[in-house]
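Examining the three-dimensional arrangement
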Amino acid sequence: MKLHELTIHGALDLLQRREISATELTQAILDRIVAVDNDTKAYLTLTPEAACEEARTADELRAAGTAGALLGIPLALKDNICQIGLPTTCGSRILESFVPPYDATVVTRLHVAGAVFLGKTNLDEFAMGSSTENSAFFTTRNPWDLTRVPGGSSGGSAAALSANETLGALGSDTGGSVRQPASLCGVVGLKPTCGRVSRYGLVAFASSLDQIGPMGKDVTDCALLLSVIAGHDPRDSTSLDTPVPDYTRALRPELEALRVGVPREYFGAGTQPGVEMALRKAIQVLADLGAEIGETSLPHTEYALPVYYLLAPAEASANLARYDGVKYGYSAPDAPDVWEAYRRTRQHGFGAEVKRRIMLGTYALSAGYYDAYYLKAQKVRTLIKQDFYQAFQEFDVLVGPTAPTVAFKIGEKAQDPLQMYLSDVFTIPQNLAGICALSLPCGFADGLPVGLQISGPVLGEELVLRVAYAYEQATEWHSQNPIIKKEH
Amino acid sequence: MILTREQVEHVAELAKLGLTEEEIETYRRQLSAILEYAAILERLDTDAIPPTATVLPLRNVMREDEPGPSLQQAEALANAPSVREGHFQVKAILQ
């Protein structure tokens, strides 16, 4: 087994038995990045010297008997998560030179656990997008087919994992941005319950929807990462003060009588036939493992997308008002007055999708339109939330496809914003309801990965991880790696 | 189209976003299409439904008013494009 193909738990095992060192492990990943990142373009910033230094320190600590849940494990972070002393660009020109003076809480927790930081991964600008094509710098490529998108907005993290350019990664999920790229790249991604993971140091997009999520090559790795990053944070007043279990202890290979609901709205027109077929087979595997499968309904599913595309841009228009060239970031030179300075800074600093959403949000919140758009969307959000709460009276978890299609070609949806938004039709509802959901590989269609999404109730991560693990252990999808075909 | 040119210009001004002529037209088209799609929400009777502003059960999270470590001035100014005597420098607001 090549070192870069290891999982986090596999590497920890070898590290603990002194069969490999953190130094050689990190070096192997860095070599792998050099070998394939020109093709995948997953990383925006790499920190090889610091990573080697951290790996050396991890080896010394381990030799001295110090424990750490992730001691010596190399990880990648989506570039909207602040890390001291490194550019955190959010994939935007307006923050191209921004160097945070503080670490996000999740970074501090990973650091305390002994992790090694490889660098920052590419994303759609300010996490707005479903393909990573909205990055101001370049588009990341799907390792399964370099002419296709990795999904978004955490496309860099997903691609890096899929191509074995990291052992684990963090992404952020506002409307599916951890789960959808995980699905398109054939890896595992979890959106925790709202408030489970601190948002301190996550550059805000939509505060009532954003969550940092762990991404891994398998369910065990995701559970490990979640155990480290989750928890109350006095610096995030929206973080829940609930104890964090060891999520890996929830993982069991059987599903004795767990009730699995299949919402009928998640199947049908708009879903690629190959995706639907893979899902039906996956549901059969769950049944064979002992789960009780039943059909259910989330009747307001079709309203989730329009609700999201009013609420998320509205919140974004407020969160992105701070980018004015005064305290940090790009600042337009030679403007005649302060207002023109703001206009030009934001005109040249933001990309098209970000501007589109800021305007949509500003309109929805503006006098005369607030009731018809923003308030209306908030009321429908209540209905969407109630759909889930009702379904969870009858079922432990709900399953369906993560995305309606497999990875699409670069450029295919970039011209039509609405077409792009439809990629998130199955992942948006969980953010609106604040519940947890995970995507893991469940097969292929046309040679490209298909993701199974498992949704659980508020603070139901153990249930969701358990169902995911049982399914994973009964199948072979998680051990398949793409062969990176170089473009020549 | 739902949006007029004037509305797009007004919204851009509220958001302090400079736009070119071409952009005003493009965004007018795209935003109108998105808002038309969002009109589907009108099908639902939500008169008796309370709005959800936050999905969290938390309200009024407070802490003791005790000072603690925070960003030092130099750190806070480190990314600023224009600094003067420990302040963020901006263009004149008042004439």
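In this text, all values refer to a predicted model and were calculated from it rather than measured experimentally.

**As for the overall build of chain A**
Counting its secondary structure elements, chain A contains 15 helices and 11 strands. A compact globule built from 488 residues should have a C-alpha radius of gyration of about 23 Å, and chain A, at 21 Å, falls within 12% of that. Principal axes of the C-alpha set define a box for chain A whose edges measure 65 × 55 × 50 Å. The buried share among the 488 residues of chain A stands at 61%.

**Points about the packing of helix α7 (residues 219-229) of chain A against helix α15 (residues 461-473) of chain A**
Residue and element names in this part refer to chain A. Running from amino to carboxyl end, α7 crosses α15 at an angle of 160 degrees, the nearest separation of the two axes being 9 Å. Viewed along their axes, α7 and α15 adopt a mutual orientation that is roughly antiparallel. Counting all contacts with α7, which are made through Val219, Thr220, Ala223 and Leu226, the residues of α15 involved are Glu461, Leu465, Ala468, Tyr469 and Glu472.

**Focus: the sheet that holds strand β7 (residues 259-263) of chain A**
Residue and element names in this part refer to chain A. As summarised here, the arrangement of the 11 strands in space is β1-β3-β2-β4-β6-β5-β10-β11-β9-β7-β8, forming an open sheet in which the pairing is mixed. Only two strands of the sheet have a single neighbouring strand rather than two, namely β1 (43-46) and β8 (292-296). Each strand of the sheet is rotated relative to its neighbour by a mean of 30 degrees, with strand direction disregarded. As paired strands, strand β2 (residues 74-78) and strand β3 (residues 116-121) are joined by 5 bridges and run parallel to one another. Bridge pairing in β3 places Leu75 opposite Phe117. Its contacts with the sheet put helix α12 (residues 371-394) on β7, β8 and β9 (397-401), and the angle it makes with β7 is roughly 140 degrees.

**Quick look at the interface of chain B and chain A**
If you look at the interface, chain B gives 40 residues, while chain A gives 51 residues. Counting residues per element, the ones that place at least two in the side of chain B that touches chain A are α1 (5-14) and α2 (21-38) of chain B. Ranked by the residues each element gives to the side of chain B that touches chain A, the list is headed by α2 of chain B, at 7 residues. Classifying every residue of the side of chain B that touches chain A by side-chain character gives 30 nonpolar, 6 polar and 4 charged.

**Overview of the environment of Ser208 of chain A**
Residue and element names in this part refer to chain A. Considering the arrangement of structural elements, one finds Ser208 in the loop between β5 (188-191) and β6 (211-216). Assessed through the 21 C-beta atoms surrounding it within 10 Å, Ser208 is described here as buried. Between the C-alpha atoms of Ser208 and Arg249, which are 41 residues apart in sequence, the distance is 30 Å.

**Points about the environment of Thr132 of chain A**
Residues and elements named next belong to chain A. Among the structural elements, Thr132 can be located in the loop between β3 and α5 (155-162). With 33 C-beta atoms packed within 10 Å, Thr132 lands in the buried category. Along the sequence, Thr132 and Ala377 sit 245 residues apart, while their C-alpha atoms lie 27 Å from each other. Excluding residues within four positions of it along the chain, Thr132 makes contact with Asn122, Leu123, Asp124, Thr139, Thr140, Val149, Pro150, Gly152, Ser153, Gly155 and Gly156.

**Comments concerning the packing of helix α11 (residues 352-365) of chain A against α2 of chain B**
When two helices pack together, their arrangement is given by the angle between their axes and by how far apart the axes lie. Two elements in contact, α11 of chain A and α2 of chain B, have axes whose closest approach is 11 Å; the angle formed by their N-to-C orientations is 60 degrees. Viewed along their axes, α11 of chain A and α2 of chain B adopt a mutual orientation that is oblique. Like other packed secondary-structure pairs, α11 of chain A and α2 of chain B cross with a definite hand, here right-handed. Of the residues in α2 of chain B, those touching α11 of chain A at Arg356, Met359 and Leu360 of chain A are Tyr27, Gln30, Leu31 and Ile34 of chain B. Taken together, the residues of the contact of α11 of chain A with α2 of chain B break down into 5 nonpolar, 1 polar and 1 charged.

**Section: the pairing of strand β4 (residues 168-173) of chain A**
All names here are of chain A. β4 sits mainly inside the fold: 6 of its 6 residues count as buried. Every second residue of β4 is oriented toward a common face, with Gly168, Leu170 and Ser172 on one face and Ala169, Gly171 and Asp173 on the other, all of them buried. The sheet contact formed by β2 and β4 spans 3 bridges and is parallel. The partner of Ala76 across the bridge, within β4, is Ala169.

**What to know about the nonpolar core**
All names here are of chain A. Counting 166 residues, the largest nonpolar core has Leu75, Val116, Val307, Leu310, Met359 and Ala468 as its most contacted members. The element contributing the most residues to this core is helix α9 (residues 304-319), with 10 residues. Counting contributing residues per domain, this core is built from domain 1 (3-260 + 394-479) and domain 2 (302-378), each supplying no fewer than three. Beyond its immediate sequence surroundings of up to four residues, Val116 is in contact with Ala22, Thr26, Ala51, Glu54, Ala55, Ala58, Gly72, Ile73, Pro74 and Leu75.

**Let's talk about unusual backbone geometry**
All names here are of chain A. Cis geometry is adopted by the peptide bond preceding Ser153, which originates at Gly152 and carries an omega value of 10 degrees. Relative to the elements of secondary structure, Ser153 occurs in the loop between β3 and α5. Non-glycine residue Lys41 carries a positive phi angle of around 55 degrees. Mapped onto the elements of the fold, Lys41 is located in the loop between α2 (22-40) and β1.

**Concerning the environment of Thr345 of chain A**
Residues and elements named next belong to chain A. Mapped onto the elements, Thr345 comes out in helix α10 (residues 338-349). For the pair formed by Thr345 and Tyr323, sequence separation is 22 residues and the distance between their alpha carbons is 8.2 Å. When residues no more than four places from it in sequence are discounted, the contact partners of Thr345 are Asp324, Gly325, Tyr330, Ser331 and Ala332.

**Description of the confidence of the model for chain B**
Per-chain confidence: chain B averages 93 in pLDDT, with 100% of residues scoring 70 or above. Mean pLDDT across the elements of chain B bottoms out in α2 of chain B (94) and peaks in α1 of chain B (97).

**So, α10 of chain A**
For α10 of chain A, which comprises 12 residues, the first-to-last C-alpha distance of 16 Å matches the rise-based estimate of 16 Å (1.5 Å per residue) to within 8%. Burial in α10 of chain A covers these residues: Ala341, Tyr342, Arg343, Arg344, Thr345, Arg346 and Gly349 of chain A.

**Here's the deal with the domain arrangement of chain A**
Residues and elements named next belong to chain A. Annotation of chain A at the domain level lists domain 1 (3-260 + 394-479) and domain 2 (302-378). Opposite the 26 residues of domain 1 that make contact, domain 2 presents 22 residues. Those elements that provide at least two residues to the side of domain 1 that touches domain 2 are α13 (417-421) and α14 (428-433). If one sorts the elements of the side of domain 1 that touches domain 2 by residue count, α14 sits on top with 3 residues. Partitioned by chemical class, the residues of the side of domain 1 that touches domain 2 number 16 nonpolar, 7 polar and 3 charged.

About the thresholds
Residues numbered from 1 in each chain as written. Chains lettered and ligands numbered in written order. Predicted model: local features only at pLDDT ≥ 70, side-chain atom pairs only at ≥ 80, totals over all residues. Helix = DSSP H or I, 4+ residues; strand = E, 2+ residues; numbered from the N terminus. Rg over C-alpha atoms; globule rule 2.2 N^0.38 Å. Buried ≥ 20, exposed ≤ 12 C-beta atoms within 10 Å, placed from the backbone. Axes fitted to C-alpha atoms, helices over the stretch in contact; angles between N-to-C directions. Parallel < 35°, antiparallel > 145°, perpendicular 65-115°, else oblique. Contact = placed C-beta atoms within 7 Å. Pairing = 2+ DSSP bridges. Nonpolar A, V, L, I, M, F, W, Y, C, P; charged D, E, K, R; others polar. Left-handed = near helix turned anticlockwise from the far one by under 90°. Core = buried A, V, L, I, M, F, W, Y, C linked by C-beta atoms within 7 Å. Domains from an automatic or database assignment. pLDDT = per-residue confidence, 0-100. Expected span 1.5 Å × (residues − 1).

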